[in-house]
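What the coordinates show
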Amino acid sequence: MDLVNHLSDRMLFAVPKKGRLQQACLDLLSGSDIQFKRENRLDIALVKNLPIALIFLPAADIPTFVGEGKVDLGITGIDQVAEHDASLPYGEASNVEQVMDLGFGKCKLQVQVPEKGDIKDAKDLIGKNVVTSFTALTEDYFARLETGRTRSESISGTMSPVPKLKTKIKFVGGSVEAACALGVADGIVDLVESGETMRAAGLCAIDTVVESTAVLVKSKRTSNQKLVNLITARIKGVIQAQRYVLCTYNVPRSRLSEATKITPGKRAPTVTSLDEPDWVAVSAMVEKKELATVMDRLEDVQATDILATALINSRTTA
Ligand SMILES: Nc1ncnc2c1ncn2[C@@H]1O[C@H](COP(=O)(O)OP(=O)(O)OP(=O)(O)O)[C@@H](O)[C@H]1O
Ligand SMILES: O=P(O)(O)OC[C@H]1O[C@H](OP(=O)(O)OP(=O)(O)O)[C@H](O)[C@@H]1O
Ligand SMILES: [Mg+2]
């Protein structure tokens with residue numbers, strides 16, 4: 001089958017082909033009932049039940065394709081969107097619009113130096129060698145340290161301050177942490193989540209350039225707005241369901257107002273009468289991260305039979 005000929009009448013949706021965001025993205029697609037079969041080694045998959053094609057791309061390239069308008073929707077990290085936007089020529093507006101924070105893929109882009117070295121402050125790296133996969137953000141970061149302005153602010157100014165010392169920034173595509181040990185860099189700018197990779201390489205963080213999570217992005221040039229909205233609503237439903245649980249409990253009617261203050265729900269809690277006249281049953285959505293505290297507080301107001309049920313999917317207002 002000539003897949004490329006099938007693309008023109010489909011909305012194109014880019015997802016990471018590898019790396020840390022991939023599995024969570026595949027789970028989101030499955031939760032959104034986006035059905036596809038990816039052939040071995042093929043980076044394009046036609047969705048069976050919707051006029052959509054999935055394009056599997058490196059997370060770093062997704063903002064470029066979305067910005068060019070070649071791809072309508074995409075999932076990548078905020079760090080990658082920021083890097084793309086920072087690399088645009090001066091005056092060119094980004095065509096990548098962030099639609100929704102997806103909550104996973106949390107990490108920080110940090111300036112790191114050898115733990116046992118002399119460098120304690122990012123300013124000490126000015127004029128030295130820095131290695132990164134995020135050259136545009138790193139150029140901006142050091143331009144600000146060197147001159148007080150970012151690269152684009154300097155270009156727009158009439159009197160661009162010339163730095164006395166220019167930091168030398170080099171690109172590497174992965175294993176950035178090795179650069180200091182190999183003597184290629186005095187410092188690096190790379191992602192940190194648990195900090196395990198950084199510590200294993202004998203490095204420590206001295207500043208944060210950007211904080212990141214995965215985001216759904218859309219092209220400002222999309223001509224498939226209806227499908228973009230449909231997929232956005234489906235993904236939102238899955239994300240909300242992951243964030244909330246349905247909490248149900250019985251409580252004496254006399255304590256109901258105290259209980260509903262603890263579980264106000266998204267709009268309002270559902271309250272139903274029980275056969276016992278002095279008791280009511282309540283159900284309300286509760287944020288997963290607050291569940292344990294909410295259950296403790298409900299017990300304090302004499303609630304019993306407190307149950308938390310996982311949600312598979314949800315459609316609610318924001
Ligand atoms: N350790 C991490 N924890 C959480 N999110 C991360 C981590 N590393 C990267 N990310 C997020 O995932 C995005 C893609 O990075 P990742 O390194 O997984 O992709 P890749 O470089 O394409 O894959 P690989 O490193 O396997 O070649 C990053 O831009 C960032 O948003
Ligand atoms: O703080 P941690 O939990 O240790 O995670 C951070 C590491 O994760 C990413 O690397 P990845 O696994 O993508 O390998 P790579 O360096 O080859 O890209 C990132 O580039 C860091 O090296
Ligand atoms: Mg990586």
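Residues numbered from 1 in each chain as written. Chains lettered and ligands numbered in written order. Predicted model: local features only at pLDDT ≥ 70, side-chain atom pairs only at ≥ 80, totals over all residues.

Per an unreviewed UniProt entry, the chain carries the name ATP phosphoribosyltransferase and comes from Knufia fluminis. Quoted verbatim from the Catalytic activity (unreviewed entry) field of the UniProt record, the comment on the chain reads "1-(5-phospho-beta-D-ribosyl)-ATP + diphosphate = 5-phospho-alpha-D-ribose 1-diphosphate + ATP". For the record of the chain, the UniProt heading Subcellular location (unreviewed entry) holds the text "Cytoplasm". (UniProt positions renumbered as here; feature names shortened; annotations may be inferred.)

1. Some thoughts on the site of ligand 1
Near ligand 1, the surroundings consist of 17 residues, among which Gly19, Arg20, Ala59, Gly77 and Glu193 are the closest. Split by domain, the residues of the shell around ligand 1 number at least three in each of domain 1 (3-104 + 214-223) and domain 2 (107-212). (Near = placed C-beta within 6 Å. Domains from an automatic or database assignment.)

2. Digging into the site of ligand 2
Looking at ligand 2, there are 15 residues lining it, with Gly174, Glu193, Ser194, Glu196 and Thr197 nearest. Elements with a contribution of two residues or more to the shell around ligand 2: β9 (187-192) and α7 (196-200). For the shell around ligand 2, the class distribution of residues is four nonpolar, six polar and five charged. (Helix = DSSP H or I, 4+ residues; strand = E, 2+ residues; numbered from the N terminus. Nonpolar A, V, L, I, M, F, W, Y, C, P; charged D, E, K, R; others polar.)

3. Overview of helix α8 (residues 225-243)
With 19 residues, α8 ought to run about 27 Å at 1.5 Å a step, and its terminal C-alpha atoms sit 26 Å apart, in line with that. When α8 is considered as a whole, its buried residues turn out to be Ile231, Ile235, Val238, Ile239 and Gln242. Down the axis of α8, the buried set is contained in an arc of 95 degrees. They therefore lie on one face. Opposite the buried face of α8, at more than 90 degrees from it, the exposed residues are Gln225, Lys226, Asn229 and Ala233. Residues of α8 that are buried in the fold lie against β1 (11-16), α1 (22-31), β4 (73-77), β5 (96-101) and β11 (214-219). (Expected span 1.5 Å × (residues − 1). Buried ≥ 20, exposed ≤ 12 C-beta atoms within 10 Å, placed from the backbone. Arc of directions from axis to C-beta. Contact = placed C-beta atoms within 7 Å.)

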